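Architecture at a glance
So you can see what is in the structure, the chains are spelled out below.
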Amino acid sequence: MKHLASNLGILTLSLCALNASARDDIQDYSIADALASAQAKEILGTDIKFYFGDQAHGAIVKKFVESRTNKKTNGANKSDKEACEWAFLSTMKALREKAQSLGANAVVNIRSNYRNNLTSSATTFKCGSGMLVSGVALVGDVVELK
């Protein structure tokens, strides 16, 4: 009887752990909030401009490439919002580095591409959070603006 109770306890804990690891919450977060921090300004600098969704921008002189980036971060001991904003900044940094490497001055038409589900917004980005990891995927056109 002791073994049965012990085995049932282990099975219950295993099922709870399995259920917890299956969490996959996809939420929208504010682009403005994520870009407002001093850390964001330090990471992204001012040499590359970013335009989300259908935000107005100057005339495109040259389109270099469509750039895709997908970054994840450890969500342990962070709120989903904190982890998602960090993952967002990591994806933005990757877009900035791509633009810099090509001699571009902007990334336009930036869209969320979480799980290859392309969505466009000038105000929010999508982020998926599981039990331990949060991730953001973005797509944008690397360009030279007039």
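A few points on the structure. (Residues numbered from 1 in each chain as written. Predicted model: local features only at pLDDT ≥ 70, side-chain atom pairs only at ≥ 80, totals over all residues. Heavy atoms only, no water.)

With that out of the way, let us pick up unusual backbone geometry. Positioned with a positive phi, Asn109 is a non-glycine residue whose angle comes to about 55°. Following the sequence through the fold, Asn109 ends up in strand 4 (residues 106–114). The backbone phi angle of Arg115 is positive, close to 55°, even though this residue is not glycine. Residue position: Arg115 is located in the loop between strand 4 and strand 5 (117–119). Judged by its relative accessible area of 60%, Arg115 falls in the exposed class. (Helix = DSSP H or I, 4+ residues; strand = E, 2+ residues; numbered from the N terminus. Buried < 20%, exposed > 50% of the residue type's maximum accessible area, 1.4 Å probe, protein only.)

A word on helix 4 (residues 80–102). For helix 4, spanning 23 residues, the distance from its first C-alpha to its last is 33 Å, which sits close to the expected 33 Å at 1.5 Å a residue. Of all the positions in helix 4, only Ala83, Cys84, Glu85, Ala87, Phe88, Leu89, Thr91, Met92, Ala94, Leu95, Arg96 and Ala99 are classed as buried. Backbone geometry just downstream of helix 4 places Gly103 in the positive-phi region, at approximately 80°. (Expected span 1.5 Å × (residues − 1).)

The next point concerns the pattern of salt bridges. Working definition: two side chains of opposite charge can pair if their charged atoms are close together. One pass over the full model with this rule turns up nine salt bridges. Measuring nitrogen to oxygen at the nearest pair gives 2.6 Å for the salt bridge that ties Arg23 to Asp25. The exposure class assigned to Asp25 is partly exposed, which follows from its relative accessible area of 32%. A salt bridge links Glu85 to Lys81; the shortest N-O distance between them is 3.0 Å. In this pair, Glu85 and Lys81 both sit in helix 4, four residues apart, roughly one turn of the helix. (Salt bridge = Lys/Arg side-chain N within 4 Å of Asp/Glu carboxyl O.)

Applying the stated criterion across every chain yields a total of one disulfide. A sulfur-sulfur separation of 2.0 Å characterises the disulfide bridge that pairs Cys84 with Cys127. Handedness of the Cys84-Cys127 disulfide follows from its S-S torsion of about -80°: it is left-handed. Of this pair, Cys84 sits in helix 4 while Cys127 sits in strand 6 (residues 124–129), placing them 43 residues apart in sequence. (Disulfide = S-S within 2.5 Å.)

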